[in-house]
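Descriptive structure summary
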Amino acid sequence: MNPPEHEELARLLPSPGDPVLPSDRMTQLEAHLMQEITREAPSGSTRPAGRGTFRPRPSRRLAAIAVPVATAAVAVAALLTVGGGAPAPSTDPEAVRLLNRIATVAAGQDAPRVRDDQYVYTLTQGTQQVMDSGRDTFRRSDWHAVDGTRDGLARITVLSGPSGKGTTDMTLEADPNHTTYRELQALPTDTDALYEHVWNATEGQGPTHEEAALEMIGSMLEGATLLPDVDAALYRAAARIPGVTVVDRAKDAAGRTGVGLAFGDGDDRDVWVFGRKNLKYLGSDDVALLDIDVVDEPGRTPPG
């Protein structure tokens, strides 16, 4: 920090006043504060870059300024501002109201009876980059075992794009990292408990903790449509996380128009899309959810 910045920060800080602690204890606390301020921020956990992943948080080295302990909180806040720290996300009252309305609608849906020997069927639509040739538009059907103990099936149909039209089937081996229907069903339906579960599970991830928590909630919205109580709790938990804004006219990956809820910036921006009248979850701007149900075996689709 150069002298002008130091002087400007000094003007922002209040007068220190008289210390209320013994001088030796004051010295120890000041030394500890300076150690904390100068310590490099942790980079956080990482995953490979791409849609639905977290990126490492940039580290920030803070310069030490000798200030009395009584002004420590003010000094740290000022240092973060001088150092270019991003402002904390704000809470949008309109987004909170919409999320709570969506939760009320979700809670009123009927839950199907599901056996362990059945499969969750999902039909989605999206696009995928094909090297440098352009993007394929595809539809994908997935069959995942309800309890995750058996292999499933994926059927991908390319509708248009450089790969050419066609359908490919592939086996989905039982994956311990895939969240099963039973695991979703076991999530707490109390909003406080579910919020704490999500917040604790995403600590240290990013780009920001708020975005990581919302991304985790978004990853569960498809399957949770079959679990009204869990579905409602997820939306109510999302309403407690700052950074969500309403998009009046949003489109899902299949081109359907509805009302959206967005968070993040740039390549990290996600938009959840809902039917304007029925507030049904349509998917996101990346992947549209066209159908979800429970069937008896892989390859079978729901009636109708």
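Fair warning: this is a prediction, and the values are worked out from it, not measured in the lab.

Before going further, it helps to examine the overall build of the protein chain. Each helix and strand counted, the protein chain has eight helices and nine strands in total. Across the protein chain, contacts joining residues at least 24 apart in sequence account for 57% of those joining residues at least 6 apart. Summed over its atoms, the accessible surface of the protein chain is roughly 17100 Å², and 50% of this surface lies on carbon and sulfur atoms.

Enumeration over the complete set of coordinates arrives at eleven salt bridges. Measuring nitrogen to oxygen at the nearest pair gives 2.8 Å for the salt bridge that ties R140 to D142. R300 is the salt-bridge partner of D296, the closest N and O atoms lying 3.7 Å from each other. Judged by its relative accessible area of 37%, D296 is partly exposed. Three or more residues are tied together by salt bridges with common partners; here these are R115, D117, D296, E297 and R300.

Along the chain, E211 falls in helix 7 (residues 209-224). Here E211 falls in the buried class, since its relative accessible area comes to 14%. With residues up to four places along the chain from it excluded, the contact list for E211 reads F263, G264 and D268.

Strand direction decides the pairing type here: strand 5 (residues 245-251) and strand 6 (residues 257-263), joined by five bridges, are antiparallel. Paired with T245 across the bridge in strand 6 is A262. With antiparallel pairing between neighbouring strands as the criterion, strand 5 and strand 6 make up a hairpin whose turn holds five residues, including G255 at a positive phi of roughly 90°.

Okay, the confidence of the model for the protein chain next. On average, the protein chain scores 79 in pLDDT, and the residues at 70 or more come to 71%. Here residues 2-84 is modelled with pLDDT under 50, and outside its nearest four sequence neighbours on either side it reaches 91 contacts, counting other chains as well.

What follows covers the nonpolar core. One finds L99, I217, L234, Y235, L261, W272 and F274 to be the most contacted residues of the largest nonpolar core, which totals 44 residues. Elements with a minimum of two residues in this core: helix 4 (93-107), helix 5 (181-185), helix 6 (191-201), helix 7, helix 8 (228-238), strand 6, strand 7 (270-274) and strand 9 (287-295). Apart from the residues lying within four places of it in its own chain, the contact partners of L261 are A95, L98, L99, I102, V244, T245, V246, D270, V271, W272 and F274. Of all hydrophobic cores here, the second largest spans seven residues; its members include Y121, A145, L153 and V295.

Bringing unusual backbone geometry into the picture now. Residues G206 and P207 are joined by a peptide bond in cis, for which omega reads 20°. Turning to its location among the elements, P207 is positioned in the loop between helix 6 and helix 7. A positive phi angle, near 45°, is found at M131, a position not held by glycine. Tracing the backbone shows M131 in the loop between strand 1 (119-130) and strand 2 (134-145). You will see that L279, though not glycine, has its phi angle at about 55°, which is positive. Assignment of secondary structure puts L279 in the loop between strand 7 and strand 8 (281-284). Judged by its relative accessible area of 7%, L279 is buried.

Rules of the game
- Residues numbered from 1 in each chain as written.
- Predicted model: local features only at pLDDT ≥ 70, side-chain atom pairs only at ≥ 80, totals over all residues.
- Heavy atoms only, no water.
- Helix = DSSP H or I, 4+ residues; strand = E, 2+ residues; numbered from the N terminus.
- Contact = heavy atoms within 4.5 Å.
- Areas by Shrake-Rupley, 256 points an atom, 1.4 Å probe, with all protein chains shown as cover.
- Salt bridge = Lys/Arg side-chain N within 4 Å of Asp/Glu carboxyl O.
- Buried < 20%, exposed > 50% of the residue type's maximum accessible area, 1.4 Å probe, protein only.
- Pairing = 2+ DSSP bridges.
- pLDDT = per-residue confidence, 0-100.
- Core = buried A, V, L, I, M, F, W, Y, C linked by side-chain atoms within 4.5 Å.

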